[in-house]
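Reading the structure
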Amino acid sequence: AQKVTQAQTEISVVEKEDVTLDCVYETRDTTYYLFWYKQPPSGELVFLIRRNSFDEQNEISGRYSWNFQKSTSSFNFTITASQVVDSAVYFCALINTGTASKLTFGTGTRLQVTL
Amino acid sequence: DTGVSQDPRHKITKRGQNVTFRCDPISEHNRLYWYRQTLGQGPEFLTYFQNEAQLEKSRLLSDRFSAERPKGSFSTLEIQRTEQGDSAMYLCASSFFADTQYFGPGTRLTVL
């Protein structure tokens, strides 16, 4: 069975602060993909990143960066210099590469960025 | 590129009524997925199609739920004899085989 844990239910930061969203996963599969999705108040899930279990290199995209550590089964997401538009619920998700059918999501972290 | 679209965006119904939702995937995507999301939770997988074949169904998909994708393009999800516990956001996603799943805006169902 697969499981994704996002222990932080809600985080509040002031604009321009850096913030890290934690994600810990469990899987018996040796190959899998990890994802982050953003869900703004409108409700649509927006894809942010996909990471293959073989690729432990950290990735940076603008103000976003991701830290994948297989040894601790973690895939953390950092937003640098947060902005009000970053306010949303962020979901971490996992899928095995075998059937690659269903995504297993965490319960999400609500990020509130205020002025 | 047109993204995944869902219709309707909101549906309010009375307990016991039947409802049907539609999903139109990204045109070149051959896989289509349905998820359900309740308040404060992450989306949960319901079922998926590859072309017109329904390849996997979750135990969450009770016999009151049925999904179809008759021509391998759009899909419908029908809930018969709705119950208050069916109130949720129903999300559709599509992908090209095992590539990244892209989601639609969802249909929010409220059962009174």
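Each remark here, short or long, concerns the structure printed above.
So, here is what we can say about the structure in this document. (Residues numbered from 1 in each chain as written. Chains lettered and ligands numbered in written order. Predicted model: local features only at pLDDT ≥ 70, side-chain atom pairs only at ≥ 80, totals over all residues. Heavy atoms only, no water.)

**Considering the state of the cysteines**
This is how the line gets drawn: By definition, disulfides here are pairs of cysteine sulfur atoms that lie within 2.5 Å. Runs of E in the DSSP output that reach at least two residues are strands. Runs of H or I that reach at least four are helices, and both are numbered from the N terminus. Whether a residue is buried, partly exposed or exposed follows from its accessible area with a 1.4 Å probe, protein chains only, as a fraction of its type maximum: under 20%, in between, or over 50%, in that order.
If you walk through the whole model with that rule in mind, you get 2 disulfides over all chains. Shown here is the disulfide that connects Cys23(A) with Cys92(A), its sulfur atoms set 2.0 Å apart. Note on the Cys23(A) and Cys92(A) pair: the S-S dihedral is about -65 degrees, so by sign convention the disulfide is left-handed. Linking Cys23(A) in the loop between strand S3 (19-21) and strand S4 (24-26) with Cys92(A) in strand S10 (residues 88-96), this pair joins segments that are 69 residues apart in sequence. Among the residues examined, Cys23(A) registers a relative accessible area of 0% and is labelled buried. Since its relative accessible area comes to 0%, Cys92(A) is described here as buried. A sulfur-sulfur distance of 1.8 Å marks the disulfide that ties Cys23(B) to Cys92(B). Since a negative S-S torsion denotes a left-handed disulfide, the Cys23(B)-Cys92(B) link at about -70 degrees is left-handed. Of this pair, Cys23(B) sits in strand S3 (residues 19-24) while Cys92(B) is found in strand S9 (residues 88-95), placing the two residues 69 residues apart along the sequence. The residues Cys23(B) and Cys92(B) share a single accessibility class, namely buried.

**Quick word on the interface of chain B and chain A**
Put simply, the rule reads: Two residues form a contact once any of their heavy atoms are found within 4.5 Å. Simply put, the buried area is the total loss of 1.4 Å probe accessible area from both parts when two parts are fitted together. Salt bridge, as used here, is a side-chain nitrogen of Lys or Arg placed within 4 Å of a carboxyl oxygen of Asp or Glu. For the purposes of these results, a polar contact is taken to be a pair of N or O atoms within 3.5 Å, where, inside protein, one atom must be able to donate a hydrogen and its partner to accept one; residues adjacent in sequence count only when each atom of the pair is a side-chain atom.
Each partner contributes residues to the interface: chain B has 22 residues there, and chain A has 19 residues. Roughly 1600 Å² is buried in total at the junction of chain B and chain A, and carbon and sulfur atoms are behind 52% of that figure. Residues Glu56(B) and Lys102(A) are paired through a salt bridge, measuring 3.7 Å at the closest nitrogen-oxygen approach. At the surface where chain B touches chain A, the tally comes to 5 residue pairs in polar contact (both at pLDDT 80 or more). Only strand S4 (31-37), strand S5 (44-50), S9 and strand S10 (102-103) of chain B provide two or more residues apiece to the side of chain B that touches chain A. With 4 residues, S4(B) is the largest single contributor of residues to the side of chain B that touches chain A.

**Observations regarding the nonpolar core**
Here is a general trend for soluble globular proteins: nonpolar side chains tend to be buried in one another's company. All names here are of chain A. Under the convention used in this document: By nonpolar core is meant a set of buried Ala, Val, Leu, Ile, Met, Phe, Trp, Tyr and Cys residues that side-chain atoms within 4.5 Å join together.
Core analysis: the biggest nonpolar cluster contains 24 residues, and Trp36, Trp66, Phe75, Phe77, Tyr90 and Leu111 have the highest contact counts within it. Of all the secondary-structure elements, those providing two or more residues to this core are strand S2 (10-14), S3, strand S5 (32-39), strand S6 (46-52), strand S8 (64-69), strand S9 (74-79), S10 and strand S12 (109-114). In terms of residues, this core owes the most to one element, S10, which gives 4 residues.

**Concerning the pattern of salt bridges**
Residue and element names in this part refer to chain A. Under the counting rule described, the total for this entry stands at 7 salt bridges over all chains. As a salt-bridge pair, Asp55 and Arg51 come within 2.7 Å of each other at their nearest N and O atoms. Owing to a relative accessible area of 28%, Asp55 belongs among the partly exposed residues under this scheme. Across the pair Arg51 and Glu59 runs a salt bridge whose closest N-O atoms are separated by 2.5 Å. Arg51 gets classed as buried once you look at its relative accessible area, which sits at 6%. Judged by its relative accessible area of 29%, Glu59 falls in the partly exposed class.

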